[in-house]
Amino acid sequence: TTYIESVPEGADAERVLTQMAMQGHDIIFATSFGYMDAVERVAKKFPNVKFEHATGYKTNGVNSSNYGLRLYQARHVQGVIAGMMTKTNKICYVAAYPIPEVVREINTYYLGAKSVNPDVSIDIVWVFTWYDPAKEQDAAVALMDQGCDVIAQHTDSPAPLQAAEVAGKVGFGQASDQIKFAPEAQLTATIDNWGPYYVQKVGMVLDGTWTPTCDGPDGCYFGHMNDGSVEMAPFTNMPADVAAKAAEVKAAITAGEYFAFTGPLNDNKGNQVLAAGEVADRMHLDTMNYYVEGIDAELPN
């Protein structure tokens, strides 16, 4: 196996993917949304190499596929916790890039909070990076200075959570259990368990059974709480009633009995985006480019 870190999007990504293909790699995983178009271009040039792209929506149906996780499921549970934990009725969010994956997690986080606290509001800062501890910390501090007392993030360093700990606030870990970085501030964390998918897909290449696997009811792979790919860290630093409510919502999502994106649902411009009883399908989720009703903010282009 080979890995290359910190590859910029665009021409650099296309160059690295091309080099990997030319070096004889049988399957290449491109693990960020911004690599999507580069994957599709390079895949056409190397029909004997398998390409897998994370969190996107394009595939050629021949030798490129994509995969994702329903991380918004865990984020909704976080929202429920935030709505019950906030004392100022102001929660906040440090966001990476305005792509559908991040937007839908902001929306579901807010919807979760709103479901238990009708008075809650949310402030959002876009930092336009996946990983920059200084930027993430500055954003978190600015949000807390404006009254936020529960902080969530879709960036990858523990800096926002550490800032919350210093300020005596609380928040959520991102992508892995970050309790060791903020033992008094972390309430829980989303845990992205990509490993089983990688093992399965590499095994399929080895035994000759790999296919794009995008013909199921949800299209390409979309990991769920019920298959162990979307996990949550233990519920900590919260009252028993909050933990019990979070566990109840998590269990309902895992069982397929509860889905946050169910109509009637409007965007924050007053347009209906889901009719009564309508459940958002994969395409809707993968192209989400609106804030839900109640979020007083403009979505960046």
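Residues numbered from 1 in each chain as written. Predicted model: local features only at pLDDT ≥ 70, side-chain atom pairs only at ≥ 80, totals over all residues. Heavy atoms only, no water.

## Looking at empty space enclosed by the protein
To locate leftover empty space, one rolls a probe as large as a water molecule over the atoms.
1) Next: All chains considered together, the criterion is met by three cavities of 30 Å³ or more.
2) Next: Space inside the largest cavity adds up to approximately 50 Å³.
3) Next: Tyr72, Gln73, His76, Thr108, Ile253, Tyr258, Phe259 and Ala260 together form the lining of the largest cavity.
4) Next: Looking at the lining of the largest cavity element by element, the count peaks at three residues for helix α3 (residues 71-85).
5) Next: Residues of the lining of the largest cavity, tallied by class, amount to five nonpolar, three polar and no charged.
6) Next: Its boundaries defined by the atoms lining it, the second largest cavity holds a volume of some 40 Å³. (1 Å grid on protein atoms, 1.4 Å probe; cavity = no way out; pocket = protein on both sides within 12 Å on 5 of 7 lines; lining within 4 Å. Points joined across faces, edges and corners; volume = space filled by probe spheres on them. Helix = DSSP H or I, 4+ residues; strand = E, 2+ residues; numbered from the N terminus. Nonpolar A, V, L, I, M, F, W, Y, C, P; charged D, E, K, R; others polar.)

## Concerning α3
1) Next: If you check α3, its first and last C-alpha atoms are 21 Å apart, about what 15 residues at 1.5 Å a residue would give, namely 21 Å.
2) Next: Across the 15 residues of α3, 14 count as buried, placing the element largely inside the fold. (Expected span 1.5 Å × (residues − 1). Buried < 20%, exposed > 50% of the residue type's maximum accessible area, 1.4 Å probe, protein only.)

## Some points on the layout of surface pockets
1) Next: Taken as a whole, the largest pocket spans an internal volume of roughly 1,400 Å³.
2) Next: Elements represented by at least two residues in the lining of the largest pocket include exactly α1 (11-22), β1 (27-30) and α7 (195-207).
3) Next: Taken together, the residues of the lining of the largest pocket break down into 26 nonpolar, nine polar and six charged.

## What to know about the packing of aromatic side chains
The geometry of an aromatic ring pair is captured by the separation of the ring centres together with the interplanar angle, meaning the angle of the planes.
1) Next: The full count for this structure, using the stated rule, is 17 aromatic pairs.
2) Next: Relative to tyrosine 198, the ring of phenylalanine 29 has its centre 4.6 Å away and its plane inclined at 65 degrees; by these criteria the two rings are edge-to-face. Of the two residues, phenylalanine 29 sits in strand β1 while tyrosine 198 sits in helix α7, which places them 169 residues apart along the sequence.
3) Next: When the ring centre of phenylalanine 222 is taken as origin, the NZ or CZ atom of arginine 282, which lies over that ring, is 3.9 Å away. (Phe/Tyr/Trp six-rings, centres within 6.5 Å; stacked < 30°, edge-to-face > 60°. Lys NZ or Arg CZ within 6 Å of the ring centre and 35° of its normal.)

## What to know about the nonpolar core
1) Next: The biggest cluster of nonpolar side chains holds 56 residues, and the ones touching the most others in it are Ile81, Ile106, Tyr109, Ile122, Ile124, Val150 and Phe261.
2) Next: Examining the composition of this core, we find that eight residues originate from one element, α3, more than from any other.
3) Next: Phenylalanine 261 has contacts with Tyr72, Arg104, Asn107, Thr108, Leu111, Leu274, Glu278, Val279, Ala280, Leu285 and Met288, leaving out every residue within four places of it along the chain. (Core = buried A, V, L, I, M, F, W, Y, C linked by side-chain atoms within 4.5 Å. Contact = heavy atoms within 4.5 Å.)

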